[in-house]
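# Reading the structure
Read off the chains here:
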Amino acid sequence: MAESARLVLDGEMTIYNAVATKEKLIAALATAQELELDLAQVDEIDTAGCQLLILAKREANRLGKSLHLVAHSAAVLDVLNFYDIGAFFGDPLVIPAGEAA
């Protein structure tokens, strides 16, 4: 088992591809003690996608592993802010320059 790994998710994280995304997340968690989820290329995320991120975080905790969300896309930031769950993941949320109010 690798000490750390990075999984890049791209495209849609929606109900339409939830099963495939869940399989990717679970498989990636099985391969490393620490997993980074690179979300920079996620262009659409719905409630199902958000639930998958929560599932992955809980599964990592259950297994005694670390899961970090990194490089949040604008779509991911929007959904995390909408549900006010950024603190649940414990990772810094970087707001791109020009978007801060």
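Notes on the structure in this doc start here.

With that settled, the discussion passes to the nonpolar core. Membership of the largest hydrophobic core comes to 25 residues, with the highest contact counts inside it found for Leu9, Leu37, Leu39, Ile45 and Leu53. Contributing elements (two or more residues each) for this core: strand E1 (2-13), helix H1 (18-31), strand E2 (32-45), helix H2 (47-62), strand E3 (66-70) and helix H3 (74-83). For Ile45, the contacting residues outside a window of four places in its chain are Met13, Cys50, Leu53, Ala75, Val76 and Val79.

A separate point is the packing of aromatic side chains. Tallied over the full model, the rule gives 2 aromatic pairs. With a centroid separation of 5.0 Å and 85° between ring planes, the pair formed by Phe82 and Tyr83 is classed as edge-to-face. Pairing Phe88 with Phe89 gives two aromatic rings, centres 5.0 Å apart and planes at 85°, and the pair type is edge-to-face. Judged by its relative accessible area of 37%, Phe88 is partly exposed. Exposure remark for Phe89: the relative accessible area of 4% places this residue in the buried category.

Attention shifts here to H2. For H2, built from 16 residues, the straight-helix expectation of 22 Å at 1.5 Å per residue is met to within 8% by its first-to-last C-alpha distance of 22 Å. What H2 keeps buried is the set Ala48, Gly49, Cys50, Leu52, Leu53, Ala56, Lys57 and Ala60. Those residues of H2 that are buried are in contact with E1, H1, E2, E3, H3 and helix H4 (86-89). One side-chain oxygen at the N-terminal end of H2 lies 3.0 Å from the backbone nitrogen of Ala48; it belongs to Asp46. Immediately beyond the C-terminal end of H2, within one or two residues, lies Gly64, with a positive phi of roughly 75°.

Thresholds, definitions, all that
Residue numbering note: each chain is counted from 1, following its sequence as written. Note on the predicted model: pLDDT of at least 70 is required for a residue's local features to be given, and 80 or more for side-chain atom pairs to be given and counted; whole-chain, interface and lining totals, by contrast, use all residues. In computing side-chain values, all of the structure's heavy atoms are included and hydrogens and water are not. Buried Ala, Val, Leu, Ile, Met, Phe, Trp, Tyr and Cys residues that are joined via side-chain atoms within 4.5 Å together make up what is termed a nonpolar core. Any residue under 20% of the maximum accessible area for its type is buried, any over 50% is exposed, and the rest in between are partly exposed; the area is computed with a 1.4 Å probe on protein chains only. The secondary structure listing takes helices from DSSP runs of H or I that are at least 4 residues long and strands from runs of E that are at least 2 residues long, numbered from the N terminus. Contacts were defined at the residue level, with two residues in contact if any of their heavy atoms lie within 4.5 Å. Here a pair means two rings of Phe, Tyr or Trp (six-membered ring of Trp) with centres within 6.5 Å. Their orientation is stacked below 30 degrees between planes, edge-to-face above 60, and tilted elsewhere. A helix is expected to reach a length of 1.5 Å times the quantity of its residues less one. Whenever a nitrogen or oxygen atom comes within 3.5 Å of another N or O atom, the pair is scored as a polar contact, on the condition that within protein one atom can donate a hydrogen and the other can accept it, and that pairs from neighbouring residues in sequence are kept only if both atoms are in side chains.

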